[in-house]
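Descriptive analysis of the structure
So the chains spell out like this:
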Amino acid sequence: MRAPDATDVPAPDAAAAAAARERLASLATPPGALGRLGELAVWWAGVRGVPVPPAPRRVDLHVVAGDHGVVARGVSAFPAAVTPLMVRAFLDGGAAATVLARQLGVHVHTHDLAVDTDWPPGTDPALTAHKVRRGSGSIDTDDALTPEETDAALAAGAALADASVDAGADLLLVGDMGIGNTTPAAALVCALLDGDPAVLTGRGTGVDGDALARKREVVTAAVTRARDAHGDDPRRLLGGLGGADLAAMAGLCARAARRRTPVLLDGVVVTAAALAAERAAPGSAAWWAAGHRSAEPAHSPALVALGLDPLLDLGMRLGEGSGALAALPLLSSAATLLAETALLADVLPG
Ligand SMILES: O=C(O)c1ccc[n+]([C@@H]2O[C@H](COP(=O)([O-])O)[C@@H](O)[C@H]2O)c1
Ligand SMILES: Cc1cc2nc[nH]c2cc1C
């Protein structure tokens, strides 16, 4: 099955990137001295389609929340009841990512795709506008979603990207919130990359000992089951192993690329979804940059497969979009340096 986004993924503007690279080489710095910041500025010029683009002006963070039936197997250090409580913290502005977003002027949009709760009357209806179901199936024994639910979640993510792009966002950030979601993330990466669950399954919120061993067994069972049922079809694997939240993240990342709009990725959960999106719509990853490297072991191989080198490596493992937010000032600096640094010829005449 081909994804709706599989066709027509445009390439970033190579001429704009080449012009930016030329300008970078003529700045009043030794050649290459801006290192990764220089490379980031060239990428930004390509994805913005102009040789000297302004720093990001309207940045939207989409936090996609969902619960996962597999939590009942004891794979997380926290109970599922934490998911809606943290979603409430996002709405109230007390979650760590919302603190960073406030500091940086980023607009936060929080979406319940599959949280296992009923919200009290008076809750902003925008929160549940794209809800697919309450909790996703336990992936060791069942598909996370039906094919219809998978399509609905992918379409929901695409709609989120469309809404941001239509509102004038020049950069999208994606974050996640969902107790247990590092289990589907690890399973998806293992299934897509033929990875070893014993190596790529991590501690998530902090499991160790018996719980970590159990989590590895669950990931192994899930990957074996889903590969038997779905082969390597990325959309079916999203429905089999991911969940409504991960499928929506994939739909968002793919649609952003098709709308020529860059995305700053976050940790292992967002990147696992993005990996499936790149498989379904090859070429999308050219529109994405990796904010950071999470402590989760499945993150690095997923980034390598996407050809992305993370900007930060701070040992963070929070999710929520926090790693993307932490990297945002670097992108602003890169763009501003390209635009405002004097030319070497003007500083060292003759
Ligand atoms: O994004 C990451 O790399 C990341 C790594 C570890 C934990 N998390 C967050 O922690 C929760 C998942 O952890 P767990 O142990 O419940 O699977 C979920 O809400 C994620 O946002 C996120
Ligand atoms: C407190 C808490 C905050 C989080 N943010 C993302 N995942 C989380 C998991 C927990 C447990």
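Residues numbered from 1 in each chain as written. Chains lettered and ligands numbered in written order. Predicted model: local features only at pLDDT ≥ 70, side-chain atom pairs only at ≥ 80, totals over all residues.

**Looking at the pairing of strand 2 (residues 107-114)**
For strand 2, the tally of buried residues reaches six of eight residues, placing the bulk of the element in the interior. Two strands pair when backbone bridges link them, and strand 1 (residues 59-66) and strand 2 are joined in this way by seven bridges, in the parallel orientation. Its bridge partner being in strand 2, Asp60 is matched across the sheet by His107. (Buried ≥ 20, exposed ≤ 12 C-beta atoms within 10 Å, placed from the backbone. Helix = DSSP H or I, 4+ residues; strand = E, 2+ residues; numbered from the N terminus. Pairing = 2+ DSSP bridges.)

**Points about the sheet that holds strand 5 (residues 288-290)**
The parallel open sheet is built from five strands, whose spatial order is 2-1-3-4-5. Strands with a single pairing partner mark the edges of an open sheet, and in this sheet they are strand 2 and strand 5. Averaged over all adjacent pairs, the angle separating strand axes in this sheet is 25°, with direction ignored. Here seven bridges tie strand 1 to strand 3 (residues 171-177), and the two strands are oriented parallel to one another. (Axes fitted to C-alpha atoms, helices over the stretch in contact; angles between N-to-C directions.)

**Looking at the domain arrangement of the chain**
Domain parsing of the chain yields domain 1 (14-53 + 336-347) and domain 2 (59-329). If you average the C-alpha positions of domain 1 and of domain 2, the two centres end up 33 Å apart. Taken together, the contact between domain 1 and domain 2 spans five residues of the former and six residues of the latter. For the side of domain 1 that touches domain 2, a count of residues per class yields two nonpolar, one polar and two charged. (Domains from an automatic or database assignment. Contact = placed C-beta atoms within 7 Å. Nonpolar A, V, L, I, M, F, W, Y, C, P; charged D, E, K, R; others polar.)

**Re the packing of helix 2 (residues 35-48) against helix 13 (residues 322-340)**
Where helix 2 meets helix 13, the axes come as close as 8 Å, and the angle between the chain directions of the two elements is 80°. Here helix 2 lies roughly perpendicular to helix 13, going by the angle between them. Residues Leu37, Leu40, Ala41 and Trp44 of helix 2 pack against Leu330, Leu331, Ser333, Ala334, Ala335, Leu337 and Leu338 of helix 13. (Parallel < 35°, antiparallel > 145°, perpendicular 65-115°, else oblique.)

**Brief notes about the site of ligand 1**
With respect to spatial proximity, 24 residues lie near ligand 1, and among them Ser76, Gly204, Gly267, Ser294 and Gly319 are the closest. Elements with a contribution of two residues or more to the shell around ligand 1: strand 3, helix 6 (182-193) and helix 11 (268-280). By residue class, the composition of the shell around ligand 1 is seven nonpolar, twelve polar and five charged. (Near = placed C-beta within 6 Å.)

**Looking at the site of ligand 2**
Taken together, Phe78, Val82, Met86, Met177, Thr205, Leu318, Gly319 and Glu320 make up the full set of residues near ligand 2. Considering only residue class, the shell around ligand 2 consists of five nonpolar, two polar and one charged.

**Notes on the nonpolar core**
Residues Leu188, Val189, Ala250, Cys253, Ala272 and Ala273 are the most contacted members of the largest nonpolar core, which totals 115 residues. Per-domain counts for this core show at least three residues from each of domain 1 (14-53 + 336-347) and domain 2 (59-329). Ignoring sequence-local partners within four residues, the contact set of Ala250 consists of Leu154, Gly157, Leu238, Ala273, Ala274, Ala276 and Ala277. (Core = buried A, V, L, I, M, F, W, Y, C linked by C-beta atoms within 7 Å.)

**Here's the deal with the UniProt feature "active site" (unreviewed entry) in the chain**
Mapped onto this numbering, the UniProt entry annotates "active site" (unreviewed entry) at Glu320. Tracing the chain through its elements places Glu320 in the loop between helix 12 (299-306) and helix 13. With 29 C-beta atoms packed within 10 Å, Glu320 lands in the buried category. In this structure, Glu320 is in contact with Val63, Ala95, Ala96, Ala97, Gly175, Asp176 and Met177, ignoring residues within four places of it in sequence. (UniProt positions renumbered as here; feature names shortened; annotations may be inferred.)

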